[in-house]
Amino acid sequence: MRRENDHSITIMKRILVIGTVIALAVAVFFLQRFMSRTDVPQVTSLPSDGGLPYRLPEGFEITVSFKELSEPRVIVFDSHGRMLVSESSSGRIVIPGKGVLLENLDHPHGLAFYTDPTSKQVYLYVAEVREVSRYPYNTETGTIQSTQRKNIMNLPEGGRHTTRTIGFGKDFRTQPIVAGLPQGNFLAPIKLYTSIGSSCDVCLEDSWKYAAILESDPEGTYAAEVAGGLRDVEFFTFHPTTGMLWASEQSRADFPDEINIIGPTLKYGWPYCYGGQKRDESFTQKSDRTDLPMDCVQTEPPEIELPSHAAPLGIAFIPENWPAPWAGRLLVAVNDTIRWFDVDETGHVRSSGDFVTGFLVNGKIFGRPVDLKFGPDGALYISDDTAGVIYKISSTS
């Protein structure tokens, strides 16, 4: 009896070994098939001869201003025209062509300058994953005093979306945040706005600071939600005429991505609604939060609805010193293209098209446009976190 059992065990072991070998062989086969596919885009270095594969409208040229950066993200300029760039994955803020300004940071992303109206001191604000802080900045030398760093706002830990973007804009409120409280800094004429993505793909957050745009005064004496239900706003800008905040938002897979005009107390849908007030029927967990309505009629539809997986990032309005008909148009970096939109102040799109293409050509990924910033020289600067460069687009007319 024992010999029969031993024999059965031996057979089972052989079967297990054979099954494992077959499974590994199948896995290797499909892995090789996938790796050898020619239809899967592959990251490719930019041409060594300096020529760029990008296509632009007639009357514009594109060049590389800075290269060999480590996944550059946000671009800002100081009052002397120096460019500062956040290298999130490396934990640094750099001045391209000069060197490192700050390092050993926690995935820094957003950058913004602010001048105190009383002391005239210039500050550099930096958004890391868990906080926004500021540093006294010397505009003459392009240096900071890191020992005088001040915490402005505490933020929740990262999760799925770790980018925090900041910018100074006008106050959108006409009433105190809480009725009965004195106005004070709650109605400061200039506010610091901070975007924070959700910690998950879809869920109910344990903090009101997730999936929202927050505000504070420049001194950081308070923090409050401006608008909620924003799954992942990685970039925003301010309209040159109205001063309103326009934000690019990435939705869940298979739902439209969005461009939104942000208003106080408005509700933008996540985690229940997307696009033109479309309900995500797959998520049914209920919430008691008034800023997260399950009824999509109570949410704000986007000003511009983008295709699913467009993955919008940088957003900027073209200044008036650009030639007609480009001045005043909205630019948005989407996936492997920079799109233009002829819009009015309310977000109504009159026409749209491609401004820069060629980041993905014949299965080759040459780069990805991230931030879009116009410099003091009037040129458009574009960070590329795939190619590790900063491009410059200028008019030839």
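Preceding this paragraph is the structure being described.
What you see is a predicted model, and the numbers here were worked out from it, not measured in a lab.

## Examining the state of the cysteines
- By the definition in use, this model includes two disulfides.
- The partner cysteine of Cys200 in its disulfide is Cys203, sulfur to sulfur 1.9 Å. Around the S-S axis, the bridge from Cys200 to Cys203 shows a dihedral of about -85° and counts as left-handed.
- The partner cysteine of Cys273 in its disulfide is Cys296, sulfur to sulfur 2.1 Å. On the sign convention where negative is left-handed, the bridge of Cys273 and Cys296, at about -90° about the S-S bond, is left-handed. Within this pair, whereas Cys273 is found in strand 19 (residues 273-274), its partner Cys296 is found in the loop between strand 20 (278-279) and strand 21 (304-306), the two being separated by 23 residues in sequence. The burial state of Cys273 is the same as that of Cys296; both residues are buried.
- Indicated for the chain is the disulfide connectivity 1-2, 3-4, based on numbering the bonded cysteines in sequence order.

## Section: empty space enclosed by the protein
- Across all of its chains, the model carries one cavity of 30 Å³ or more by this definition.
- Roughly 30 Å³ of internal volume is contained in the largest cavity.
- As for the largest cavity, its lining consists of Glu205, Tyr210, Ala211, Gly228, Gly229, Trp270, Arg289 and Leu292.
- Split into classes, the residues belonging to the lining of the largest cavity amount to four nonpolar, two polar and two charged.

## Quick look at the side chain of Lys191
- By the secondary structure assignment, Lys191 is in strand 13 (residues 190-196).
- Polar side-chain contacts of Lys191 include one of 2.9 Å to the side chain of Asp171.
- A distance of 3.2 Å separates the side chain of Lys191 from the side chain of Tyr222, its partner in a polar contact.

## Some words on the sheet that holds strand 12 (residues 164-170)
- Pairing is antiparallel in the open sheet, where four strands are placed in the order 12-13-14-15. Looking at strand neighbours, the two that pair on one side only are strand 12 and strand 15 (224-228), the edges of this open sheet. Across the sheet, the mean angle from the axis of one strand to that of its neighbour is 30°, orientation sign disregarded.
- Inspection of the sheet shows strand 13 paired to strand 14 (residues 212-216) by five bridges, in the antiparallel sense. If you follow Ile196 over to strand 14, its bridge partner there is Ala212.

## Regarding the sheet that holds strand 23 (residues 330-334)
- Strands sit in the order 22-23-24-25 across an open sheet of four strands; the sheet is antiparallel. For this open sheet the edge positions go to strand 22 (312-317) and strand 25 (349-356), each flanked by a neighbour on one side alone. This sheet shows a mean twist of 25° between the axes of neighbouring strands, independent of strand direction.
- Taken together, the four bridges between strand 22 and strand 23 define a ladder with antiparallel strand orientation. Following the sheet pairing, Ile315 is matched in strand 23 by Val332.

## Describing the layout of surface pockets
- Considering only enclosed or pocket space, the largest pocket measures out at about 800 Å³ in volume.
- If you trace the largest pocket, you find 33 residues lining it, with Phe168, Phe236, Thr237, Phe238 and Lys373 closest to the centre.
- Put simply, the parts of the chain that give the lining of the largest pocket at least two residues each are strand 3 (72-77), strand 7 (111-115), strand 12, strand 16 (233-238), strand 22 and strand 28 (369-374).
- Of the residues assigned to the lining of the largest pocket, the class counts are 21 nonpolar, seven polar and five charged.
- For the second largest pocket, the calculated volume is near 270 Å³.
- Every residue lining the second largest pocket is counted, 16 residues in all, and those nearest its centre are Leu46, Pro47, Val64, Lys67 and Val389.
- Of the residues belonging to the lining of the second largest pocket, the class tally is eight nonpolar, six polar and two charged.

## A closer look at the environment of Tyr137
- With respect to the helices and strands, Tyr137 occurs in strand 9 (residues 131-138).
- Through-space distance from the C-alpha of Tyr137 to that of Tyr125 is 9.5 Å; in sequence the pair is twelve residues apart.
- Setting aside residues no more than four positions away along its own chain, Tyr137 makes contact with Asp78, Arg82, Leu84, Leu101, Phe113, Gln121, Val122, Tyr123, Leu124, Gly142, Thr143 and Ile144.

## Regarding the pattern of salt bridges
- In the structure shown here, the tally under the stated rule is 20 salt bridges.
- Ionic pairing is found between Arg92 and Glu87, a salt bridge with its closest N-O pair at 2.6 Å.
- A relative accessible area of 27% means that Arg92 is categorised as partly exposed.
- The buried category is assigned to Glu87, whose relative accessible area is 1%.
- Residues joined in a network through salt bridges with shared partners are Arg73, Glu234, Arg368 and Asp385.

## Some thoughts on the packing of aromatic side chains
- One pass over the structure, following the stated rule, counts 21 aromatic pairs.
- Their ring planes at 90° and their centres at 6.4 Å tell us that Tyr114 and Tyr125 sit as a pair that is edge-to-face. Here Tyr114, found in strand 7, pairs with Tyr125, found in strand 8 (residues 122-127); they are eleven residues apart in sequence, far enough to count as distant.
- For Tyr114, a relative accessible area of 15% corresponds to the buried category.
- Classification of Tyr125 as buried rests on a relative accessible area of 0%.
- With a centroid separation of 6.1 Å and an interplanar angle of 55°, the aromatic rings of Tyr193 and Phe238 are classed as tilted. Here Tyr193, found in strand 13, pairs with Phe238, found in strand 16; they are 45 residues apart in sequence, far enough to count as distant.
- According to the relative accessible area criterion, Phe238 is partly exposed, its value standing at 22%.
- Members of the aromatic cluster, connected to one another through ring pairs, are Phe60, Trp322, Trp326, Trp340, Phe355 and Phe374.
- Over the face of the ring belonging to Tyr123 we find Arg134, whose NZ or CZ atom lies 3.8 Å from the ring centre.
- Lying over the aromatic face of Trp340, Arg329 brings its terminal NZ or CZ to 3.9 Å of the ring centre.

Definitions and limits used
Residues numbered from 1 in each chain as written. Predicted model: local features only at pLDDT ≥ 70, side-chain atom pairs only at ≥ 80, totals over all residues. Heavy atoms only, no water. Disulfide = S-S within 2.5 Å. Helix = DSSP H or I, 4+ residues; strand = E, 2+ residues; numbered from the N terminus. Buried < 20%, exposed > 50% of the residue type's maximum accessible area, 1.4 Å probe, protein only. 1 Å grid on protein atoms, 1.4 Å probe; cavity = no way out; pocket = protein on both sides within 12 Å on 5 of 7 lines; lining within 4 Å. Points joined across faces, edges and corners; volume = space filled by probe spheres on them. Nonpolar A, V, L, I, M, F, W, Y, C, P; charged D, E, K, R; others polar. Polar contact = N/O pair within 3.5 Å; in protein donor to acceptor, adjacent residues only side chain to side chain. Pairing = 2+ DSSP bridges. Axes fitted to C-alpha atoms, helices over the stretch in contact; angles between N-to-C directions. Contact = heavy atoms within 4.5 Å. Salt bridge = Lys/Arg side-chain N within 4 Å of Asp/Glu carboxyl O. Phe/Tyr/Trp six-rings, centres within 6.5 Å; stacked < 30°, edge-to-face > 60°. Lys NZ or Arg CZ within 6 Å of the ring centre and 35° of its normal.

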